[in-house]
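Next come the chains, spelled out residue by residue.
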Amino acid sequence: MLRISKIVDYGILVLTHMASRPTHVCSAAELAGDLGLGQPVVSKVLKLLAQRGLVASTRGAHGGYRLGREAERINVAEIIDALEDQPFGLTECTALPGACSVEGACHIRSHWQRINRIVRRTLESVTVADMLDGEGPGAVSAPVHASAVPVPAPEAGARRAIPNITNWSLSK
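Described below are features of the structure shown in this document.

So, how was this worked out
- Residues numbered from 1 in each chain as written.
- Predicted model: local features only at pLDDT ≥ 70, side-chain atom pairs only at ≥ 80, totals over all residues.
- Heavy atoms only, no water.
- Core = buried A, V, L, I, M, F, W, Y, C linked by side-chain atoms within 4.5 Å.
- Buried < 20%, exposed > 50% of the residue type's maximum accessible area, 1.4 Å probe, protein only.
- Helix = DSSP H or I, 4+ residues; strand = E, 2+ residues; numbered from the N terminus.
- Contact = heavy atoms within 4.5 Å.
- Pairing = 2+ DSSP bridges.
- Salt bridge = Lys/Arg side-chain N within 4 Å of Asp/Glu carboxyl O.
- Axes fitted to C-alpha atoms, helices over the stretch in contact; angles between N-to-C directions.
- Parallel < 35°, antiparallel > 145°, perpendicular 65-115°, else oblique.
- Left-handed = near helix turned anticlockwise from the far one by under 90°.

Here we come to the nonpolar core. In this structure, L15, M18, L46, L49, I79 and L83 are the most contacted members of the largest nonpolar core, which totals 33 residues. Those elements giving two or more residues to this core turn out to be α1 (6–19), α2 (28–35), α3 (39–51), α4 (76–83) and α7 (128–133). By residue number, the principal contributor to this core is α1, which donates seven residues. If we skip the residues at most four places from it in the chain, L15 touches L49, L54, V55, L67, I74, I79 and V128.

In this sheet, strand β2 (residues 64–67) lies alongside strand β1 (residues 55–58) in antiparallel orientation, the contact comprising four bridges. Each residue of the ladder has a partner; that of S57, found in β2, is Y65. In this structure, the hairpin formed by β1 and β2 is closed by a connection of five residues, where G60 is found at a positive phi of approximately 110 degrees.

A word on the pattern of salt bridges. This model, assessed by the stated rule, comprises seven salt bridges. Residue E30 pairs with R21 through a salt bridge whose shortest N-O separation is 3.1 Å. A residue is classified by how much of its surface remains accessible, and E30, at 23% relative accessible area, is partly exposed. By relative accessible area, R21 is classed as partly exposed at 28%. Taking the shortest distance from any N to any O, the salt bridge between E124 and R120 comes out at 3.0 Å. Here E124 and its partner R120 are both found in helix α6 (residues 109–125), four residues apart, which amounts to about one turn of the helix. Each of the salt bridges in this network shares a partner with another, and the network as a whole consists of R21, E30 and D34.

Before going further, it helps to spend a moment on the packing of α1 against α4. The contact between α1 and α4 brings their axes to 9 Å, and the two run at 125 degrees. The angle between α1 and α4 falls in the class oblique. Note on packing geometry: the crossing formed by α1 with α4 is right-handed. Facing α1, whose interface residues are I7, V8, G11, I12 and L15, α4 presents V76, I79, I80 and L83.

Limitation: the analysis is restricted to geometry and does not speak to function.
Structure representation (structure tokens):
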């Protein structure tokens, strides 16, 4: 199952909330209260996002956090990279080349690498601004069905070719 982690989900939630009020400086406590999250979690998210320049912090009595750049210039892939311990990858060999003991003899690795590139490009194409309004370039106007990419049934004993979907995107 492909699923983003809770910390990434919380990071996107924090950033979209901040993007809804771009000139407002938010404290961790305020964000936690507004979003119904624990302050320690929000503080951890903000610290990791600040290390990557996705949020900027200001010290002092009127200090807090604001977006590090415009919401249109922060994409989901950057958020994942900032908050996850390991590099992005759908499989071990796409995240950490050389980590898999069967990597050299694997006949499906190139396909996982291609799928990984497609997913990564899609994540890079969706910004915090898109997540905020829900109608940006990454918005899906209709459900994607399995029939959207026709794949002929393989003949008995034949290996099924993986369709070339390198141009696939969630764009309208």
